[in-house]
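# Analysis of the macromolecular model
Read off the chains here:
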Amino acid sequence: MIPPAGKICTCTKSYRVKYNINGLLNARDVTDVIAHECASVNAESTKKMYRAALEKHPQAKSIYIISDNARYYRNKELNRWLEGTKIKQIFLPPYSPNLNLIERLWRFLRKKVINTHFYRTKDLFKEAVRNFFETISNYKTELESLLTLNFKLCNSHSISF
């Protein structure tokens, strides 16, 4: 699974709407996504999202979460809480959004839902985003080609997970 947060924005009739979603993507099944709506993306909302991952995958021996270096992932309270769980955090190198698969998912969401339609109200906007996640299996073929685990390194070698 790979987080991190996404702040999704669009313009409506009279104002700009921000919609915070903290998300986890199962790198082995691109339709297995946890999209956690939150007032603010912080350590507390991340903890709630991690709890959802534990509930969704109770049989897993370990859950590896690959994340960027946002402050809320390195929060002391969150890290103390993680000590008693089967979640293991792995941090990406700084400035490497191309390695973070969920960044590709956020871009795909913007392409399919956000940038293609004008939403008159924030409720219509939120509903469209929720609907995307509820029907994400409709995009499985496109997402599998976009969210591949095959990465090219600078010296032209490939690595796969």
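Our subject is the structure that appears above.
Definitions and cut-offs
Residues numbered from 1 in each chain as written. Predicted model: local features only at pLDDT ≥ 70, side-chain atom pairs only at ≥ 80, totals over all residues. Heavy atoms only, no water. Phe/Tyr/Trp six-rings, centres within 6.5 Å; stacked < 30°, edge-to-face > 60°. Buried < 20%, exposed > 50% of the residue type's maximum accessible area, 1.4 Å probe, protein only. Salt bridge = Lys/Arg side-chain N within 4 Å of Asp/Glu carboxyl O. Helix = DSSP H or I, 4+ residues; strand = E, 2+ residues; numbered from the N terminus.

A separate point is the packing of aromatic side chains. If you walk through the whole model with that rule in mind, you get 8 aromatic pairs. Taking the centre distance of 4.8 Å and the plane angle of 65 degrees together, the rings of Tyr-72 and Tyr-73 count as edge-to-face. Residue classification places Tyr-72 among the partly exposed residues on the basis of a relative accessible area of 21%. The class of Tyr-73 is buried, set by a relative accessible area of 0%. Measuring from ring centre to ring centre gives 5.8 Å for Tyr-119 and Phe-125, while their planes differ by 55 degrees; the resulting arrangement is tilted.

All right, on to the pattern of salt bridges then. Taken as a whole and judged by the stated rule, the model has 6 salt bridges. Lys-56 is paired through a salt bridge with Asp-32; the nearest N and O atoms lie 2.6 Å apart. On the criterion of sequence distance, the pair formed by Lys-56 in helix 1 (residues 43–56) and Asp-32 in the loop between strand 2 (16–25) and strand 3 (33–37) is long-range, its members being 24 residues apart. Residue Lys-56 is classed as partly exposed on the basis of its relative accessible area, which comes to 40%. With a shortest N-O distance of 2.7 Å, Glu-37 and Arg-130 are connected by a salt bridge. Placement of Glu-37 in strand 3 and of Arg-130 in helix 4 (residues 122–134) is noted, with a sequence separation of 93 residues between them. By relative accessible area, which is 37% here, Glu-37 ends up partly exposed.

Everything listed here is a matter of geometry and, on its own, says nothing about what the molecule does.
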